[in-house]
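Tertiary structure, described
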Amino acid sequence: MSQQHFDFSTRPLVPLAHDYLHGASEPWHHHACAQLIHTLSGVVRVETEFGSWIVPPGRGVWLPAFTRHALRVTGSVAARTLFIDPLARADLPASCQVVQISPLLRELIVTALSLPEQYSAGSRDERVMELILDEIRGMDVLPFALPTPDSPRLQALCEQIQQTPDEKWTLQRASAQMNVSGRTLARHFMRETGLQFSDWVRRALAIALTRLAQGDSVLRVALELGYESPSAFSAMFRRLLGVAPTDYFPPAETGLPR
């Protein structure tokens, strides 16, 4: 997809509402502006050259200007996107990140969709736009980044882990498969991803988010991922996200039958 251009001569950001059907995708592309994708339902997986980001319903992903990315959609996704002039604020986030969308920011995004392209200085419309920019600067970052290693061997290992989430991936198993010591693999993994191997594997299991968003039960997802019980899976989920999976994906948010 070719680069899109947006006119920021009369406003600092351009809002857009777009809905995706389950299984939809967008090929690799980029924008000359920053982008905030806020999902009201479903799960979006954002691929970049730096790693992958899983965006659950009700949250968002921030992409700085000129970030090449591709999207994959699970469930019916209602997306509300802001394309933002990278010069609108000097301290906009400088890296890709999955973020918490506050109730105030969510309502401001909805309001922005109905605002005219041109408005008077000092007007309510201008204050809405400026408040959106203020809220973006204060967004909380969520632990959904899955960094991609630099070396081809580690990239292949990470791809295999993501393709077989139901298998038990330990440092010992991975190091034996790569014919290196566990200490060597741990050192290289930390250097190339910034995460311990076990932490990366736990984040990779965030792929379970797509299954939960589709309406699969916690029991089914837990057993297929190799957990001994739903409670063990829920404990991992709570450590990673701070809440139980049943609280993170209430049936009304998924848009799909439970």
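**Re the packing of aromatic side chains**
- The tally for this structure, following the rule as stated, stands at three aromatic pairs.
- Arranged with centres 5.2 Å apart and planes meeting at 80 degrees, the rings of F189 and F197 form a pair that is edge-to-face.
- On the accessibility criterion, F189 (0% relative accessible area) is buried.
- Taking the relative accessible area as the measure of exposure, F197 reaches 5% and is therefore buried.

**Examining the pairing of strand β5 (residues 51-55)**
- Counting buried positions over the five residues of β5 gives five, a clear majority of the element.
- Taking every second residue as pointing to the same face, both faces of β5 are buried, with G51, W53 and V55 on one and S52 and I54 on the other.
- Linkage of strand β4 (residues 43-48) to β5, two consecutive antiparallel strands, is achieved through a turn of two residues.
- Direction of pairing for β5 relative to strand β11 (residues 145-147): antiparallel, over a ladder of three bridges.

**Here's the deal with the pairing of strand β9 (residues 97-100)**
- Note that strand β6 (residues 59-63) and β9 share four bridges and pair antiparallel. Residue pairing for β9: W62 is matched across the bridge by Q97.
- In the sheet, β9 pairs with strand β10 (residues 141-142) via two bridges, with the strands oriented antiparallel. By the bridge assignment for β10, V98 is matched with L142.

**Looking at the packing of helix α1 (residues 103-112) against helix α2 (residues 124-137)**
- It is the contact of α1 with α2, at a shortest axis distance of 10 Å, that shows an interaxial angle of 140 degrees. Our classification of the angle between α1 and α2 gives oblique. α1 and α2 meet at a crossing whose hand is left-handed. Together, L104, L105, L108, I109, T111 and A112 of α1 and R124, V128, L131, I132 and E135 of α2 make up the contact between the two elements.
- Considered class by class, the residues forming the contact of α1 with α2 number eight nonpolar, one polar and two charged.

Conventions and cut-offs
- Residues numbered from 1 in each chain as written.
- Predicted model: local features only at pLDDT ≥ 70, side-chain atom pairs only at ≥ 80, totals over all residues.
- Heavy atoms only, no water.
- Phe/Tyr/Trp six-rings, centres within 6.5 Å; stacked < 30°, edge-to-face > 60°.
- Buried < 20%, exposed > 50% of the residue type's maximum accessible area, 1.4 Å probe, protein only.
- Helix = DSSP H or I, 4+ residues; strand = E, 2+ residues; numbered from the N terminus.
- Pairing = 2+ DSSP bridges.
- Axes fitted to C-alpha atoms, helices over the stretch in contact; angles between N-to-C directions.
- Parallel < 35°, antiparallel > 145°, perpendicular 65-115°, else oblique.
- Left-handed = near helix turned anticlockwise from the far one by under 90°.
- Contact = heavy atoms within 4.5 Å.
- Nonpolar A, V, L, I, M, F, W, Y, C, P; charged D, E, K, R; others polar.

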